[in-house]
Amino acid sequence: MSKRTSEAARARIAAQREALRKQEQRKRITMIVTIAVIVVIAAAFTVWSVRQGTSEEATGNVAPVTVEKDGTVVMAKAGVTKPVVDVFEDFQCPACKQFEETSGSTLKNLAAEGKAKVVYHPITIFTEDPTKSNSLRAASAARCITDGRQWLAFHDLLYKNQPSETVSGFSADELIKWGKQAGVTAPDFDTCVRQQRNVAAHQQFSSQTMTAQKLQGTPTLKIDGKELDSNVAFVPSSLRDAVENAGK
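Since the model is a prediction, treat every value here as computed from it, not as a measurement. (Residues numbered from 1 in each chain as written. Predicted model: local features only at pLDDT ≥ 70, side-chain atom pairs only at ≥ 80, totals over all residues. Heavy atoms only, no water.)

Chemist: Tell me about the packing of helix α4 (residues 148-160) against helix α5 (residues 172-181), residues and numbers included.
Modeler: Axes are the key here: two packed helices are described by the angle between their axes and the distance separating the axes. Where α4 contacts α5, the two axes come as close as 9 Å, and the packing angle between them is 135 degrees. In terms of their interaxial angle, α4 and α5 are classed as oblique. Judged by the sense of rotation from one axis to the other, the crossing of α4 with α5 is right-handed. Across the interface between the two elements, Phe 154, Leu 157 and Leu 158 of α4 pack against Leu 175, Trp 178, Gly 179 and Gln 181 of α5. Its residues placed into classes, the contact of α4 with α5 shows 5 nonpolar, 2 polar and no charged. (Axes fitted to C-alpha atoms, helices over the stretch in contact; angles between N-to-C directions. Helix = DSSP H or I, 4+ residues; strand = E, 2+ residues; numbered from the N terminus. Parallel < 35°, antiparallel > 145°, perpendicular 65-115°, else oblique. Left-handed = near helix turned anticlockwise from the far one by under 90°. Contact = heavy atoms within 4.5 Å. Nonpolar A, V, L, I, M, F, W, Y, C, P; charged D, E, K, R; others polar.)

Chemist: So what about the state of the cysteines? Which residues, and what values?
Modeler: Counted according to the given criterion, the structure contains 1 disulfide. With no disulfide of its own, Cys 93 lies closest to Cys 96 among cysteine sulfurs, the gap being 3.0 Å. (Disulfide = S-S within 2.5 Å.)

Chemist: Any chance you could break down the pattern of salt bridges for me, citing the residues and the numbers?
Modeler: Within this structure, the stated rule accounts for 11 salt bridges. With a closest N to O distance of 3.5 Å, Glu 113 and Lys 115 form a salt bridge. When its relative accessible area of 36% is taken as the criterion, Glu 113 is described as partly exposed. Here Lys 115 falls in the partly exposed class, since its relative accessible area comes to 34%. Where Lys 180 meets Asp 190, a salt bridge forms, and the shortest distance between an N and an O atom there is 3.1 Å. One end of the pair, Lys 180, is in helix α5; the other, Asp 190, is in helix α6 (residues 189-195), with 10 residues separating them in the sequence. Judged by relative accessible area, which is 27%, Asp 190 ranks as partly exposed. Several salt bridges share partner residues, and in doing so they unite Glu 56, Glu 113, Lys 115, Arg 240 and Glu 244 into one network. (Salt bridge = Lys/Arg side-chain N within 4 Å of Asp/Glu carboxyl O. Buried < 20%, exposed > 50% of the residue type's maximum accessible area, 1.4 Å probe, protein only.)

Chemist: Give a detailed account of the pairing of strand β5 (residues 220-223), specifying residues and quantitative values.
Modeler: Going residue by residue along β5, you find Thr 220 and Lys 222 tucked away on one face and Leu 221 and Ile 223 tucked away on the opposite face as well. Two elements, strand β3 (residues 84-89) and β5, share 4 bridges in a ladder whose sense is antiparallel. Paired with Phe 88 across the strands is Thr 220, a residue of β5. One ladder, built from 2 bridges, connects β5 with strand β6 (residues 226-227); its direction is antiparallel. Across the sheet, Lys 222 pairs through a bridge with Glu 227, a residue of β6. The loop that links β5 with its antiparallel partner β6 comprises 2 residues; one of these, Asp 224, has a positive phi angle of about 50 degrees. (Pairing = 2+ DSSP bridges.)

Chemist: So what about the sheet that holds β6? Which residues, and what values?
Modeler: Read across the open sheet, the 6 strands follow the order β1-β2-β4-β3-β5-β6; overall the sheet is mixed. On the outer flanks of this sheet lie β1 (65-67) and β6, each paired with one strand and no other. Two elements, β1 and strand β2 (residues 73-75), share 3 bridges in a ladder whose sense is antiparallel. Note that in β2 the partner of Val 65 across the bridge is Met 75. Against the sheet, helix α2 (residues 94-112) touches β2, β3, β4 (117-122) and β5, its axis set at about 155 degrees to β3. Those strands touched by α4 are β1, β2, β3 and β4, and its axis lies near 90 degrees from that of β1.

Read these as geometric descriptors, not functional statements.
Here it is in structure tokens:
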């Protein structure tokens, strides 16, 4: 190979590497911008609901919570089968955190009042790190908990301590600590969390759920299979009205 040919080959390789670098940079920028937009929208809903005076405090009563084998979690009083409120969420999703802060108590109250069967569907919507790995660790750890009340307490702690979407978070040590705070005493919980035993099952569940439900993002709420508009879901009084009307 001549010197000129060798230099041309090196130039092509350098150009290809630079193109790949710029492509990855564009992906990261797109992901960050998308997440930022979601956060702004969710925050706007939160501020609007507060101004409307529609925030709802938790009553302290909680309906029975059951962890199902497929990864879903049901919160409902005995005998309550309808209306069904399906909550599709991602523990790393900033908008899901906003929803929990705004309307999470409303769902708990409705279930405690026997007015709804609430079904949580934790999934992972992110495809890039660190958000993807953060979400997988959190969801896998949640699946290590089989007691419903403990799962719900852990669920709330995950949102309370949700890391920024730009950093690695939900470490094994943190997840184990929050599990203890949620009352988890199972002897194999620590090992289950550290080994991420449930990642594969969670990923399969996520993929199947997103396809079957035709989900575009999280949080997504459905009442008896019909998707609820965010303008309703993020306003506690409107969410309550929608659920109660569905139960008539």
